[in-house]
Amino acid sequence: MREVVVHTLTDPLVARPEFEGATELGDGTVILILDVPSLLRLARKG
Amino acid sequence: MMVIVENYILFEIEGAAYAVRTSQVEMIEMVESITRVPNAPGFVEGVTAVRGQVVPVISVRRRFHMQPIPLDIRSRLVITRLENRLVGMLVDTAREFARITPDQIKAVDSLSGQGSEYLDGVAAMPDRLVLLVNLERLLSIEEQDILSATDGMQGEIDSGSQVASQRQHRLKP
């Protein structure tokens, strides 16, 4: 487990309901954080 | 009469010179790693970390309907500031400044071709032509894309994964 700083993806170019935000790893790589409840909602809508 | 000289930062796409106002550019960076964002519009390369912030990156080549090229040591990210947004533009290379006076600038409506909808004009420099980029239009997202963010998820995911498989994001050491 680790603590991360979550940046929200608010820019219209990358704002997606599937992602809660993004975080920067120690090596400078950015990883996206899935918004699981929102994903499930999207999947249910089919 | 006072002549307003504007400073521009030049970048290159497929051998052609493009310019954005220096006042709209925050910094120019080497390309380290870009993380793809699934289901983002096709011209969006992804997101990258710039000084503690996560910023979207667009491919100017894709925006201009040109073939993307692999990243190399000349590739640059031109980090632009537009109102409160920070957006990176992935370009073939960027390494020059230029001062451009209004009398050097010609309107662009007679121009046609790839990407001309994102241009404000053409500046005739002594040694070459420089295309002036309309940043607002370049960084805008079509209404279509905004709508598809909430509707028609299935089709979106399919087209997104096709785009994904064609991409290469890591700069080889």
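Keep in mind that this is a model prediction, so the values were computed, not measured.

Some details on the overall build of chain B
Now for step 1: Looking only at helices and strands, chain B features four helices and 11 strands.
Now for step 2: Every one of the 173 residues in chain B was classed for burial, and the buried ones make up 51%.
Now for step 3: Within chain B, contacts between residues separated by at least 24 positions form 57% of all contacts whose residues are at least 6 apart in sequence.
Now for step 4: For chain B, the accessible surface area stands at approximately 9,300 Å², while carbon and sulfur atoms represent 51% of it.

Notes on the confidence of the model for chain A
Now for step 1: Taken as a whole, chain A shows an average pLDDT of 91; of its residues, 98% reach a score of 70 or greater.
Now for step 2: Mean pLDDT across the elements of chain A ranges from a minimum in helix α1 (residues 36–45) of chain A, with 90, to a maximum in strand β2 (residues 30–34) of chain A, with 96.

So, the sheet that holds strand β6 (residues 76–82) of chain B
Residues and elements named next belong to chain B.
Now for step 1: One open sheet holds the five strands; their spatial order is β3-β6-β7-β5-β4, and the pairing between them is mixed. Looking at strand neighbours, the two that pair on one side only are β3 (25–30) and β4 (44–50), the edges of this open sheet. Averaged over neighbouring strand pairs, the angle between their axes works out to 30° when direction is ignored.
Now for step 2: Looking at chain direction, β3 and β6 are connected through five bridges and run antiparallel. Considered in β6, the bridge of I28 is made with V78.

Quick word on the pattern of salt bridges
Now for step 1: Applying the stated rule across the entire model yields 12 salt bridges over all chains.
Now for step 2: Put simply, E18(A) and R16(A) hold a salt bridge, and the shortest N to O gap is 3.3 Å.
Now for step 3: Of the residues examined, E18(A) reaches a relative accessible area of 4% and is grouped as buried.
Now for step 4: Its relative accessible area of 9% is what places R16(A) among the buried residues.
Now for step 5: The residue R21(B) makes a salt bridge to E6(B) at a minimum N-O spacing of 3.0 Å. Placement of the pair is R21(B) in strand β2 (residues 16–21) and E6(B) in strand β1 (residues 6–13), with a sequence separation of 15 residues.
Now for step 6: Relative accessible area serves as the criterion here: at 31%, R21(B) is assigned to the partly exposed category.

Describing the interface of chain B and chain A
Now for step 1: Taken together, the contacts link 29 residues of chain B with 18 residues of chain A.
Now for step 2: For the chain B and chain A pair, buried surface summed over both sides reaches about 1,900 Å², with 65% attributable to carbon and sulfur atoms.
Now for step 3: Summed over the shared surface of chain B and chain A, the number is one salt bridge.
Now for step 4: Our count for the chain B to chain A interface comes out at five residue pairs in polar contact (both at pLDDT 80 or more).
Now for step 5: Mapped by element, the contributors of at least two residues to the side of chain B that touches chain A are β4, β5 (53–59), β7 (85–91) and α4 (153–165) of chain B.
Now for step 6: Per-class residue counts for the side of chain B that touches chain A are 16 nonpolar, nine polar and four charged.

Here's the deal with the side chain of T29(A)
Now for step 1: One can find T29(A) in the loop between β1 (19–24) and β2.
Now for step 2: On the accessibility criterion, T29(A) (12% relative accessible area) is buried.

Regarding the side chain of E18(A)
Now for step 1: When you line up the elements, E18(A) lands in the segment before β1.
Now for step 2: One polar contact links E18(A) to N39(B), side chain to side chain, over a distance of 2.4 Å.

Focus on a nonpolar patch on the surface
All names here are of chain A.
Now for step 1: A cluster of nonpolar residues, L34, V36 and L40, forms a patch on the protein surface that exposes about 270 Å² of accessible area.
Now for step 2: In this structure, L40 sits in helix α1.
Now for step 3: Judged by its relative accessible area of 49%, L40 falls in the partly exposed class.

As for the sheet that holds β1(B)
All names here are of chain B.
Now for step 1: An order of β8-β1-β2-β11-β10-β9 is seen for the six strands of this open sheet, with the pairing classed as mixed. The open sheet has two edge strands with one neighbour each: β8 (93–100) and β9 (105–106).
Now for step 2: In terms of strand pairing, β9 meets strand β10 (residues 119–124) through two bridges, oriented antiparallel. Pairing of K106 across the sheet is with V122, part of β10.

Quick notes on the rules
Residues numbered from 1 in each chain as written. Chains lettered and ligands numbered in written order. Predicted model: local features only at pLDDT ≥ 70, side-chain atom pairs only at ≥ 80, totals over all residues. Heavy atoms only, no water. Helix = DSSP H or I, 4+ residues; strand = E, 2+ residues; numbered from the N terminus. Buried < 20%, exposed > 50% of the residue type's maximum accessible area, 1.4 Å probe, protein only. Contact = heavy atoms within 4.5 Å. Areas by Shrake-Rupley, 256 points an atom, 1.4 Å probe, with all protein chains shown as cover. pLDDT = per-residue confidence, 0-100. Pairing = 2+ DSSP bridges. Axes fitted to C-alpha atoms, helices over the stretch in contact; angles between N-to-C directions. Salt bridge = Lys/Arg side-chain N within 4 Å of Asp/Glu carboxyl O. Buried area = accessible area lost by both parts, 1.4 Å probe. Polar contact = N/O pair within 3.5 Å; in protein donor to acceptor, adjacent residues only side chain to side chain. Nonpolar A, V, L, I, M, F, W, Y, C, P; charged D, E, K, R; others polar. Patch = residues over 30% accessible without salt bridge, like charges linked within 9 Å, V, L, I, M, F, W, Y side chains within 5 Å.

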